[in-house]
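Here is what each chain is made of, one letter per residue.
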Amino acid sequence: MERLWAPWRKAYIRPKGKARKGCVFCGLLKAKSDERHYILARSAKSFAVLNLYPYNNGHTLILPLRHVASLDDLTSEEKLDWLDLCGRVQQAMEKKLRPHGYNLGINLGRAAGAGIPKHLHLHVIPRWKGDSNFMPTVAGVKVISESLRSVYRELVPALPSRGKKKAGRKRR
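To keep things clear, this report deals only with the structure shown in the data block.

1. Considering the sheet that holds strand S2 (residues 46–50)
Then, number 1: Strand order across the open sheet formed by five strands is S1-S2-S3-S5-S4, with antiparallel pairing between neighbours. Of all strands in the sheet, those bounded by a partner on one side alone are strand S1 (39–42) and strand S4 (101–105). The sheet shows a mean angle of 20° between the axes of neighbouring strands, direction not considered.
Then, number 2: Where S1 lies against S2, three bridges are found, and the strand directions are antiparallel.

2. Structural notes on helix H2 (residues 24–31)
Then, number 1: Turning to H2, its buried residues are Phe25, Cys26, Leu28 and Leu29. Taken around the axis of H2, the buried residues stretch over an arc of 150°, which confines them to a single face.
Then, number 2: Lys32 sits one or two residues past H2 and shows a positive phi near 55°.

3. Thoughts on the pairing of strand S5 (residues 122–127)
Within a regular strand, side chains alternate between the sheet's two faces.
Then, number 1: Of all six residues in S5, five are buried; the element is thus mostly enclosed.
Then, number 2: Where strand S3 (residues 60–64) meets S5, three bridges bridge the pair, whose relative direction is antiparallel. Directly across from Ile62, in S5, lies its bridge partner Leu122.
Then, number 3: Examined bridge by bridge, S4 and S5 share five bridges and lie antiparallel to one another. Note that in S5 the partner of Gly105 across the bridge is His123.

4. Topic: the packing of aromatic side chains
Then, number 1: Considering all chains together, one arrives at one aromatic pair under this definition.
Then, number 2: Ring geometry for Tyr38 and Tyr152: centres 6.0 Å apart, planes at 70°, overall edge-to-face. Taken as a pair, Tyr38 in the loop between H2 and S1 and Tyr152 in helix H5 (residues 148–158) lie far apart in primary sequence, 114 residues in all. Both residues of the pair, Tyr38 and Tyr152, count as buried.

5. Notes on the nonpolar core
Then, number 1: Residues Leu40, Leu50, Ile62, Val89, Met93, Val124 and Leu155 are the most contacted members of the largest nonpolar core, which totals 25 residues.
Then, number 2: Among the secondary structure elements, those contributing two or more residues to this core are S1, S2, helix H3 (76–96), S5 and H5.
Then, number 3: Considering every element that reaches this core, the biggest residue donor is H3, with six residues.
Then, number 4: When residues no more than four places from it in sequence are discounted, the contact partners of Val89 are Ala48, Thr60, Ile62 and Leu159.
Then, number 5: Counting residues in each nonpolar core, the second largest holds ten residues, with Cys23, Phe25, Cys26 and Leu63 among its members.

6. Topic: the pairing of S3
Then, number 1: The element S3 is extensively covered by neighbouring structure, given that five of its five residues are classed as buried.
Then, number 2: Judged by which residues are buried, S3 turns out to be covered on both faces: Thr60, Ile62 and Pro64 on one side and Leu61 and Leu63 on the other are all buried.
Then, number 3: Pairing of S2 with S3, which is carried by five bridges, proceeds in the antiparallel orientation. The residue bridging Leu50 from the neighbouring strand is Thr60, located in S3.

Criteria and cut-off values
- Residues numbered from 1 in each chain as written.
- Predicted model: local features only at pLDDT ≥ 70, side-chain atom pairs only at ≥ 80, totals over all residues.
- Heavy atoms only, no water.
- Pairing = 2+ DSSP bridges.
- Helix = DSSP H or I, 4+ residues; strand = E, 2+ residues; numbered from the N terminus.
- Axes fitted to C-alpha atoms, helices over the stretch in contact; angles between N-to-C directions.
- Buried < 20%, exposed > 50% of the residue type's maximum accessible area, 1.4 Å probe, protein only.
- Arc of directions from axis to C-beta.
- Phe/Tyr/Trp six-rings, centres within 6.5 Å; stacked < 30°, edge-to-face > 60°.
- Core = buried A, V, L, I, M, F, W, Y, C linked by side-chain atoms within 4.5 Å.
- Contact = heavy atoms within 4.5 Å.

Here you go:
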């Protein structure tokens, strides 16, 4: 049997301190330490945070500030702000991470795969040609080649200000 040694995961498996009460995402907003919690950006109605359990480098979550579980719970203004922030995050990824494409997804309900079903969130997952290789297929292992801190330091300065649009570029 192959073993991958990843001692850094200990912090997620056995966190120090008491178990968190309430919504983890709402807790991040109250903490007011964006860099420590990998919050890339905040807007009037939404925020973007790096996923602590990424499927790929740069895997980001876009969330409404308000604690809601469904798209139907969002106002039109919140939906527009939420999608605008998603676009800004993608612009930063284009500039710094240069992916070949993206997976965007929303898991509504635990049965659909939502790990935190009561706070709506949109997954933005940058993809590159060849990023799904033999490791997940044969070994059942996904290799994440860049740390959260490194991705955070790349994306935050590259995030365009709200309303600033950049012409799209051709996909590779």
